[in-house]
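Residue-level structure breakdown
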Amino acid sequence: MTKVAVVILNYNGQKFLETFLPSVIENADGYEIIIADNASTDGSLAFLQNHYPTLKTIQLPNNQGFAGGYNNALKEIEAEYYVLLNSDVEVSANWTKPIIDLMDTDKSIAACQPKIRSYHQKTHFEYAGAAGGHIDWLGYPFCRGRIFDSYEEDKGQYDDTQEIFWATGACMFVRADVFHQLSGFDAHFFAHMEEIDLCWRMKNNGHKIMYSSGSTVYHVGGGTLHKSNPRKTFLNYRNGLAMLYKNIPADKLFSTILFRLVLDGISGIKLLVDGSFADFLAVIKAHFAFYAMIPKLERKSPKNVSKIYQKSIVWEYFVKKQKPIL
């Protein structure tokens, strides 16, 4: 069994493989590199065969999204640690060792992420993870270094190692045995929020999620589904509600979901006023899809876990104009 397997889930990402795979191979520090292809219809497989014929490739029969794709691919990979790496990420020298060393010293750490900076603006943090993911009591995710669409310049303010609430799926180091014990990602999510749901379930089971600034990677973002796509809006709203339903303790479930539905409605109206009718429609569809999804969702021993921001990030940031103290 290999110690570290870097697994890149690819879907029609030939251009990203051409650009970023060399950095992963160049900075390989004894780890295995595996491409899991989610039934791409572009030239990804031919490109890999022609340019990297010795690289291990897992061909999935159909596009099962981020969640289902990784679940099925990782069943075929034996390793102590998985590094789930997006195809649109450039890695840097020594990017795995600080995190693996950290996880080796503390077996309670189930997942960890590096510092995520923007590939297109390398001085700044990037949307998907930044300096560690957090969540407020209504289930709205945010990051140190990135709140909604506001990105901080990296001036060393998050050069630390800290427990966080969720680690980004763009570059997630995960303990393989814990991943499989918890049945991996929830395949019902397809894509978006599934990594937060997994981290929440890990915390419900007594594990820690960490951020380490000892490693830095650079992420393009929006490679498979751009944030302006109504499909992404639909998945984010539907899966956000599903994640809350699965992980909120019973005594807070009804009130939390109700508050979230109201805020989602206000957000939908704002999208409509701003002229984004397709996104407004996506919010409505997401709510009805969530109701239909409930019978399929499992609630396994939800607890009041640590690191949930007990205020509303929407209220604090947009109304009070304050940045949360974490």
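About the thresholds
- Residues numbered from 1 in each chain as written.
- Predicted model: local features only at pLDDT ≥ 70, side-chain atom pairs only at ≥ 80, totals over all residues.
- Heavy atoms only, no water.
- Buried < 20%, exposed > 50% of the residue type's maximum accessible area, 1.4 Å probe, protein only.
- Helix = DSSP H or I, 4+ residues; strand = E, 2+ residues; numbered from the N terminus.
- Pairing = 2+ DSSP bridges.
- Patch = residues over 30% accessible without salt bridge, like charges linked within 9 Å, V, L, I, M, F, W, Y side chains within 5 Å.
- Areas by Shrake-Rupley, 256 points an atom, 1.4 Å probe, with all protein chains shown as cover.
- Salt bridge = Lys/Arg side-chain N within 4 Å of Asp/Glu carboxyl O.
- 1 Å grid on protein atoms, 1.4 Å probe; cavity = no way out; pocket = protein on both sides within 12 Å on 5 of 7 lines; lining within 4 Å.
- Points joined across faces, edges and corners; volume = space filled by probe spheres on them.
- Nonpolar A, V, L, I, M, F, W, Y, C, P; charged D, E, K, R; others polar.
- Arc of directions from axis to C-beta.
- Contact = heavy atoms within 4.5 Å.
- Axes fitted to C-alpha atoms, helices over the stretch in contact; angles between N-to-C directions.
- Parallel < 35°, antiparallel > 145°, perpendicular 65-115°, else oblique.
- Left-handed = near helix turned anticlockwise from the far one by under 90°.
- Phe/Tyr/Trp six-rings, centres within 6.5 Å; stacked < 30°, edge-to-face > 60°.
- Lys NZ or Arg CZ within 6 Å of the ring centre and 35° of its normal.

Turning our attention to the pairing of strand 7 (residues 133-136). Residues G133 and I135 point to one face of strand 7 and H134 and D136 to the other, with burial holding for every one of them. Across three bridges, the pairing between strand 7 and strand 8 (residues 141-143) is antiparallel. The residue of strand 8 that forms the bridge with I135 is P141. Between strand 7 and the antiparallel strand that follows it, strand 8, lie four residues; G139 among them carries a positive phi value of about 85 degrees. As paired strands, strand 7 and strand 14 (residues 308-309) are joined by two bridges and run parallel to one another. Within strand 14, the position partnered with D136 by the bridge is Y309.

Another point: the pairing of strand 11 (residues 161-164). Burial of the side chains of strand 11 is restricted to one face: Q162 and I164 are buried, whereas none of T161 and E163 on the reverse face is. Where strand 11 and strand 13 (residues 208-219) come together, four bridges link them in antiparallel fashion. Considered in strand 13, the bridge of E163 is made with M210.

This paragraph deals with a nonpolar patch on the surface. On the surface, a nonpolar cluster with roughly 570 Å² of combined accessible area is contributed by L272, F277, L281, I284, F288 and Y291. Following the sequence through the fold, Y291 ends up in helix 9 (residues 277-293).

This part takes up unusual backbone geometry. In this structure, H192 takes a positive phi of about 80 degrees despite not being glycine. In this fold, H192 is placed in the loop between helix 5 (176-181) and helix 6 (194-204). Accessibility expressed as a relative area gives 18% for H192, which makes it buried. The phi torsion at S301 lies on the positive side, around 50 degrees, for a residue other than glycine. Within the secondary structure, S301 is located in the loop between helix 9 and strand 14. The class for S301 is exposed, based on a relative accessible area of 54%.

To continue, consider the pattern of salt bridges. Inspection of every chain in the model, using the stated rule, returns 18 salt bridges. The partner of D274 in a salt bridge is K270, and the shortest N-O contact between them spans 2.8 Å. We note a salt bridge from K320 to E316, for which the minimum N-O separation is 3.6 Å. The network of salt bridges with common partners includes K115, R117, D154 and D159.

So, about the layout of surface pockets. Each pocket or cavity is described by its volume, and for the second largest pocket that value is around 390 Å³. Going through the elements one at a time, helix 6 and helix 7 (230-247) are the ones with two or more residues in the lining of the second largest pocket. Here the residues of the lining of the second largest pocket sort into four nonpolar, eight polar and six charged.

Take helix 2 (residues 44-51) next. For helix 2, the complete set of buried residues consists of S44, F47 and L48. Projected onto a plane normal to the axis of helix 2, the buried residues spread over an arc of 95 degrees and lie on a single side. Residues Q49 and N50 are exposed on helix 2 and point more than 90 degrees away from its buried face. On its buried side, helix 2 packs onto strand 1 (2-10), helix 1 (14-26), strand 2 (32-37) and strand 3 (56-59).

Between helix 8 (residues 250-273) and helix 9, the shortest axis-to-axis distance is 7 Å and the interhelical angle comes to 160 degrees. With respect to their mutual orientation, helix 8 and helix 9 come out roughly antiparallel. For the element pair helix 8 and helix 9, the recorded crossing hand is left-handed. Here I257, L261, D264, G268, I269, L271 and L272 of helix 8 lie close against helix 9, whose contacting residues are F277, D279, F280, V283, H287, F290 and Y291. Among the residues forming the contact of helix 8 with helix 9, the class breakdown is ten nonpolar, two polar and two charged.

Structurally, H134 is set in strand 7. Residues in contact with H134, not counting those within four places in the same chain, are Y140, P141, F142, R144, Q162, E163, I164, F165, W166, K307 and L326.

Our next topic: the packing of aromatic side chains. Applying the stated criterion across every chain yields a total of 21 aromatic pairs. Ring geometry for Y82 against F179: centres 6.2 Å apart, planes inclined by 90 degrees, an arrangement best described as edge-to-face. Of the two residues, Y82 sits in strand 4 (residues 79-86) while F179 sits in helix 5, which places them 97 residues apart along the sequence. One exposure class covers both Y82 and F179, and it is buried. Site record: aromatic cluster; members linked through ring pairs are F66, Y70, Y82, F179 and F185. The residue whose ring lies beneath R260 is Y140, and the NZ or CZ to ring-centre distance is 4.1 Å. Seen from the ring of Y245, R299 lies directly overhead, with NZ or CZ sitting 5.8 Å from the centre.

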